[in-house]
Amino acid sequence: MPANRFNGHCDYGIGIGLRVPHYAHILSKKPVVDWFEIISENFMVEGGRPLELLDRILEQYRVVQHGVSMYFGSADKPDRTHLRRLKGLVKRTRTPWLSDHLCWGSVDGTYTHDLLPMPYTFGAARRTAEKIRQVRDYLEIPICVENVSSYAEFHASEMTEWEFLTEVVELADCGILLDVNNIYVSSKNHSFDPYDYVNNIPHHRVGQMHVAGHTKFEKYILDTHDHPVLDPVWKLYAHATRLCGISATLLEWDDKIPSFDEVHNEALKANEFIDGAKKAAV
Amino acid sequence: MKRPPKHAPARIGSTEDLRLFQRMMAAAVTRPLDSEDRLQSTWIDGRPMEKVAAEFIKPNDRLSSFERLQLYSRMYWFRLFDAIRDDCPGLLAALGERAFGRLAQAYLARYPSRSFTLRNLSSRLVQFIGERPRLTAPRTALALEIARFEWAQTVAFDGESRPVVSAASLARTPPGRLRLGLQPYVTLLALRHPIDNYVISVKRRDAMRSEASNTPDSAGAVWKPARKVPLPRPSRTYVAVHRHNNRLFYKRLDPDAFRILEALSEGRTLSRAVAAAGPGVSPARVRSWFKAWMALGWFCARGNGPGRRAS
């Protein structure tokens, strides 16, 4: 679904994450990029260079906000101070939609700064969906929730991860930021078929996709974002694109970050699979 | 974080069940690692950690419940250690790897993050060093000063900026009634050591080391331990950590100039603040200081609270 109500009816193409090592290149060379994804929390500050830099980027580029600390799945209520700050940033960036993760990471106001997996239960889904609705109503923009990669599963779970994702987004009536790398990583860590995941989510709710690199270890795979995208992930992306339509797609590269051109060229590989999806649709 | 339940709930139907489950998992993840960077083998109630982890985490064909939990715990501690090292290169250099590691672990165990952003991770480090001086002995006084200085840098980098008081509005108010605020991003520090020079030296060394590690031919080079930056010798130093044009600066201050700024930040009127500098300071010097501070945009309307002073 290229443009739908979950991404503000925007057809945004292929973007990359705005990262510190690329600032000088972007500001001096002004490369052509469809859009940048920013980590909201990096700009939820009161002054100084981060906001100056953001304003310079906003003069030239389209920006979409991606968060890492909303913790929709935490039992804690949304923090009003945090939401006020986030809304201020939303007004500044004019992001057409906002994404954050389907996970938890704080309890009783203490933060782990991690994206911890949910117990996949109906009760947790109801609570999570309620929080997503509250946040969306406060921010007044569409929200897409992203599936996380995980390394643990819980005895308390009552359904698969994709069933949980579906339950949450249907109850919240929100969009999905489908991270195909995360699906692949979790499928290896938990021994499920990643195509079952992609086949069984509500495709019309996908407002954005993520691709990224990961690292294989002997007994598990880590979602490291420090490599080019691996072939199985591109194949899964192609499959997801055939099912969901051509969505705004973003490459995440957060560690051992190479040159801007290398990151951008890696992201643009998505075009090959998008072309394939277009041909398949004809 | 409140004390975790004795057992994670077997069924998660309500928000309260979810909260208990999350308390259990968060307590396990954030519990300090052992000396080998492993999850501790016993839980807080003395039960084997293997058994506790198996109560709520499924094993798979490659990893036990304990090992899966340990992945998250290691990621938590390594992420926070990295963040605090990035924030405190001077403190790390002064204490050394081992003592800094002990301090960081004890600090994060006592004051886990209460903020959505890692930017605030070391906000209570000065307080903690004061509470647990043995962790930094025999360099506690120095450690306190470096920690203050490094936190001031974080504040200067992205702290709040308020509208600057104009020269015209200054001129309109008599000095006996005029109270000025210091920009929230400016921190005044009265130090017993030249911490500014020390931190600059440490950063230069670290930058050179980073540059060397990125050179294409460094792969075959013999690794050498980092050059140790000599600890600063005692010397009274007055400095303002601030930003200008959104770049970080350390500005050395004359002791009399420091006293004026300190008095202003405490809420004294302009005439009383200038008097705090003492009788030996010439009006011309005071005027030149104010000219520089105005040019830097340091003055704003006073807020409700006292100004920022961390001397």
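This is a predicted model, so every value here is computed, not measured.

Student: What is the right way to read the overall build of chain A from this model?
Tutor: When helices and strands are counted, chain A shows ten helices and twelve strands. Against the compact-globule benchmark of 19 Å for 282 residues, chain A has a radius of gyration of 18 Å, which places it among compact chains. Burial analysis of chain A (282 residues in total) assigns 51% to the buried set. Pairs at least 24 residues apart make up 79% of the contacts formed inside chain A by residues separated by at least 6 positions.

Student: Whenever I open this one, the overall build of chain B confuses me. Can you help?
Tutor: Secondary structure assignment for chain B yields twelve helices and five strands. Taken against the 2.2 N^0.38 rule, which gives 19 Å for 311 residues, the C-alpha radius of gyration of chain B at 25 Å runs more than 25% over that of a compact globule. Over its C-alpha atoms, taken along the principal directions, chain B stretches across nearly 80 × 55 × 35 Å. Taking all 311 residues of chain B together, the buried fraction comes to 37%.

Student: Even after reading the chapter, I still don't get the domain arrangement of chain B, so can you show me in this structure?
Tutor: Interface size is commonly expressed as the accessible surface area that is lost when the partners come together. Residue and element names in this part refer to chain B. By domain assignment, chain B separates into domain 1 (15-156) and domain 2 (160-211 + 232-300). Facing the 13 residues of domain 1 at the interface are 16 residues of domain 2. Those elements giving two or more residues to the side of domain 1 that touches domain 2 turn out to be helix 4 (89-95) and helix 7 (140-158). The biggest single contributor to the side of domain 1 that touches domain 2 is helix 7, with ten residues. Of the residues that constitute the side of domain 1 that touches domain 2, the class distribution is nine nonpolar, two polar and two charged.

Student: Looking at this structure, I do not really get the sheet that holds strand 3 (residues 63-66) of chain A. What am I missing?
Tutor: Across a sheet, strands are paired by hydrogen bonds formed along the backbone, either parallel or antiparallel in direction. Residues and elements named next belong to chain A. Strand order around the closed barrel formed by eight strands is 1-2-3-4-7-8-9-12, with parallel pairing between neighbours. Put simply, the sheet's adjacent strands are angled 30° from each other on average, direction ignored. Note: strand 7 (residues 143-146) against strand 8 (residues 175-179), three bridges, orientation parallel. The residue of strand 8 that forms the bridge with Cys144 is Gly175.

Student: Is there a simple way to think about the pairing of strand 6 (residues 110-116) of chain A in this case?
Tutor: Side-chain direction in a regular strand flips from residue to residue, so the side chains alternate between the two faces of the sheet. All names here are of chain A. Of all seven residues in strand 6, six are buried; the element is thus mostly enclosed. With three bridges connecting them, strand 5 (residues 104-107) and strand 6 associate as antiparallel partners. When the bridges of strand 6 are listed, Val107 appears paired with Thr110. The loop that links strand 5 with its antiparallel partner strand 6 comprises two residues; one of these, Asp108, has a positive phi angle of about 55°.

Student: What is the right way to read the interface of chain B and chain A from this model?
Tutor: Chain B puts 47 residues into the contact, and the matching count from chain A is 38 residues. Of all the secondary-structure elements, those providing two or more residues to the side of chain B that touches chain A are helix 1 (15-30), helix 3 (65-87) and helix 7 of chain B. Sorting elements by how many residues they give to the side of chain B that touches chain A places helix 1 of chain B first, with eleven residues.

Student: What am I meant to see in the nonpolar core here?
Tutor: Note that soluble globular proteins tend to have their nonpolar side chains buried in a common cluster. Counting residues in hydrophobic clusters, the biggest one holds 156 residues, and the most contacted among them are A:Val145, A:Val180 and B:Ala147. The element that contributes the greatest number of residues to this core is helix 7 of chain B, accounting for ten residues.

Student: Would you mind going over the environment of B:Gly176 with me for this structure?
Tutor: Mapped onto the elements of the fold, B:Gly176 is located in the loop between helix 8 (167-172) and strand 1 (181-182). Not counting chain neighbours up to four residues away, the residues in contact with B:Gly176 comprise B:Thr269 and B:Ser271.

Student: What should I look at first to understand the pairing of strand 2 (residues 187-191) of chain B in this one?
Tutor: Residue and element names in this part refer to chain B. For strand 2, the buried fraction is high: four of the five residues fall into the buried class. Judged from the five bridges that link them, strand 2 and strand 3 (residues 237-244) form a sheet pairing that is antiparallel. Counterpart to Thr187 in the pairing with strand 3 is Val241.

Student: Looking at this structure, how should I read the sheet that holds strand 3 of chain B?
Tutor: All names here are of chain B. Spatially, the three strands line up as an open sheet ordered 2-3-4, and their pairing is antiparallel. Strands at the two margins of the open sheet, each flanked by one partner only, are strand 2 and strand 4 (247-252). Each strand of the sheet is rotated relative to its neighbour by a mean of 25°, with strand direction disregarded. Helix 10 (residues 255-265) contacts strand 2 and strand 3 of the sheet and is inclined by roughly 135° relative to strand 2.

Rules used throughout
Residue positions are given per chain, counting from 1 as you read along its sequence in written order. The order in which chains are written sets their letters, starting at A; the order in which ligands are written sets their numbers, starting at 1. For this predicted model, a pLDDT threshold of at least 70 governs which residues receive local features, and a threshold of 80 or more governs which side-chain atom pairs are given and counted, while totals over whole chains, interfaces and linings are taken from all residues. Elements are defined by DSSP. Helices are runs of H or I of four residues or more, strands are runs of E of two residues or more, and each kind is numbered from the N terminus. Put simply, the radius of gyration uses C-alpha atoms, and a globule should come to 2.2 Å times the residue count raised to 0.38. Whether a residue is buried, exposed or partly exposed is read from the other C-beta atoms within 10 Å of its own C-beta, which are placed from the backbone; 20 or more gives buried, 12 or fewer gives exposed, and intermediate counts give partly exposed. Residues are treated as contacting if the C-beta atoms built from their backbones sit within 7 Å of each other. The domain limits used here are those given by an automatic or database domain assignment. Gly is placed with the polar residues, together with every amino acid not listed as nonpolar (Ala, Val, Leu, Ile, Met, Phe, Trp, Tyr, Cys and Pro) or charged (Asp, Glu, Lys and Arg). The criterion for strand pairing is that DSSP finds at least two bridges linking the strands in question. Orientation is described by lines fitted to C-alpha atoms, with helices fitted over the stretch in contact, and by angles between N-to-C directions that extend from 0 to 180 degrees. Nonpolar core, as used here: buried Ala, Val, Leu, Ile, Met, Phe, Trp, Tyr and Cys residues forming one set through C-beta atoms within 7 Å.

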